[in-house]
Amino acid sequence: MWKLRALTALYRHELLWRLRMSIGAWLFRNRPLGDTTLGAVIKQIRDVGAAVIPGYYSEEEMRALETVCEEALSRADTEAKPPQGYRRIPGGIRYQHMQKRHPLAQRFARDPLIVALAAVFNGKFKMPSLMYGVTHDGRRDGASAERPEPFGHHPHTDAWYHMFKALTPMEPIARENGPLCFAPGSNGIQPEASDYYVEMYKVAKREPEVMKKLKQTGVNAGGETYNATGMPDDVFAAAAARFSLAYGEAGRGDLILFDTRCFHYATKLEQGERRILWMYF
Ligand SMILES: O=C(O)CCC(=O)C(=O)O
Ligand SMILES: [Fe+2]
């Protein structure tokens with residue numbers, strides 16, 4: 001029963017999403033964006049699952065962003081009770097919905113281009129919520145902190161459906177500071193992942209049996225149920241072999257657009273920091 005319900009939802013969503021993305025690509029085919037067009041970017045997100053707009057933010061904007069994000073962290077660290085959405089693990093910090101308490105960050109949530117792109121992707125208008133994420137080599141925990149696995153280190157998709165996230169790195173992301181690893185093109189329905197999509201559907205619907213399992217294993221700690229089920233290794237390997245893997249290397253101030261239904265995982269940071277502003281819809 002769950003399976004039939006999930007697969008019906010999966011294919012229905014796929015059809016409508018492809019229709020929206022194709023119409024959007026055509027509508028915006030002449031709208032310039034960097035050295036390409038918005039239409040071409042929409043097509044790339046549809047077919048590859050990821051696109052990068054180099055140098056989207058100016059140096060001035062990036063400096064303003066760093067200031068507000070770092071201030072948000074230092075305030076969160078001095079408060080008796082950590083704000084909602086704020087989490088620290090060794091080597092990692094995440095502050096979700098940070099714009100709620102730091103209105104200066106709002107300007108990054110009000111970008112008409114990103115909001116329009118998300119509207120095509122999701123079929124509705126919504127302003128993003130902002131998350132500031134820091135992955136670091138231990139220095140922010142006191143020099144000797146061990147680096148454990150980062151958030152999202154196991155191969156997964158963020159949801160059973162196409163999920164849009166926009167992000168910008170505050171320093172160049174290279175192989176040593178933990179780029180995201182993903183399989184370009186795997187955002188389309190992958191036949192070998194059908195049981196995984198069904199599991200993810202159940203997670204999204206908070207099916208009691210699945211929720212109990214997640215609680216027992218502790219993998220949904222902090223409410224991050226979306227990537228909690230973890231993809232079976234053979235499913236990831238099969239898709240990785242078909243599509244080959246890519247690393248999300250990018251520059252400071254680039255805008256990365258990502259369909260998080262791409263098979264992906266966070267690689268381990270070896271050195272330095274990786275500070276990112278994430279925009280979730
Ligand atoms: O931090 C990253 O690079 C991605 C983490 C991730 O995939 C997730 O949290 O879902
Ligand atoms: Fe993820």
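Quick notes on the rules
- Residues numbered from 1 in each chain as written.
- Chains lettered and ligands numbered in written order.
- Predicted model: local features only at pLDDT ≥ 70, side-chain atom pairs only at ≥ 80, totals over all residues.
- Pairing = 2+ DSSP bridges.
- Helix = DSSP H or I, 4+ residues; strand = E, 2+ residues; numbered from the N terminus.
- Axes fitted to C-alpha atoms, helices over the stretch in contact; angles between N-to-C directions.
- Contact = placed C-beta atoms within 7 Å.
- Core = buried A, V, L, I, M, F, W, Y, C linked by C-beta atoms within 7 Å.
- Buried ≥ 20, exposed ≤ 12 C-beta atoms within 10 Å, placed from the backbone.
- Arc of directions from axis to C-beta.
- Parallel < 35°, antiparallel > 145°, perpendicular 65-115°, else oblique.
- Nonpolar A, V, L, I, M, F, W, Y, C, P; charged D, E, K, R; others polar.

An unreviewed UniProt entry lists the chain under the name Phytanoyl-CoA dioxygenase, with Magnetofaba australis IT-1 as the source organism.

## As for the sheet that holds strand β3 (residues 50-53)
Strand order in the open sheet made by the 7 strands is β3-β10-β7-β12-β6-β5-β4, with antiparallel pairing throughout. Taken across any chain shown, the strands that pair with only one partner, and hence form the sheet edges, are β3 and β4 (86-89). Adjacent strand axes in the sheet meet at a mean angle of 15°, parallel and antiparallel pairs treated alike. Bridging between β4 and strand β5 (residues 92-96) involves 4 bridges; their strand directions are antiparallel. By the bridge assignment for β5, Arg 87 is matched with Arg 94. Set on the sheet, helix α2 (residues 38-47) makes contact with β3 and β10 (255-259); between it and β3 the angle comes to about 145°.

## Things to note about the environment of Arg 20
On the secondary structure map, Arg 20 appears in helix α1 (residues 2-27). For the pair Arg 20 and Gly 253, spaced 233 residues apart in sequence, the C-alpha separation works out to 28 Å. Among residues more than four places away in sequence, those in contact with Arg 20 are Val 120 and Gly 123.

## Thoughts on the nonpolar core
Formed by 62 residues in total, the largest nonpolar core has its most connected members in Ala 50, Ile 256, Leu 257 and Leu 277. Among residues more than four places away in sequence, those in contact with Ile 256 are Ala 50, Val 52, Ala 166, Leu 167, Thr 168, Gly 248 and Ala 250.

## Comments concerning helix α5 (residues 112-122)
Turning to α5, its buried residues are Ile 114, Leu 117, Ala 118, Val 120 and Phe 121. With its buried residues spanning 160° around the axis, α5 presents them on a single face. For α5, the elements touching its buried residues are α1, α2, β7 (164-169), β10 and β12 (273-280). Just past α5, the residue Gly 123 takes up positive phi, approximately 75°.

## Some remarks on the sheet that holds strand β8 (residues 180-182)
What the 3 strands build is an open sheet, ordered β9-β8-β11; its pairing is antiparallel. The open sheet has two edge strands, β9 (246-247) and β11 (264-266), and neither has a second partner. Two strands pair when backbone bridges link them, and β8 and β9 are joined in this way by 2 bridges, in the antiparallel orientation. Its bridge partner lying in β9, Cys 181 is registered against Tyr 247.

## Section: the packing of α1 against helix α6 (residues 194-204)
Two numbers describe how α1 lies on α6: the axes approach to 9 Å, and their chain directions differ by 95°. By the angle between their directions, the pair α1 and α6 is classed as roughly perpendicular. Mapping the contact onto sequence places Trp 2, Lys 3, Ala 6, Leu 7, Ala 9 and Leu 10 in α1 and Ser 194, Tyr 197, Val 198, Tyr 201 and Lys 202 in α6. Considered class by class, the residues forming the contact of α1 with α6 number 8 nonpolar, 1 polar and 2 charged.

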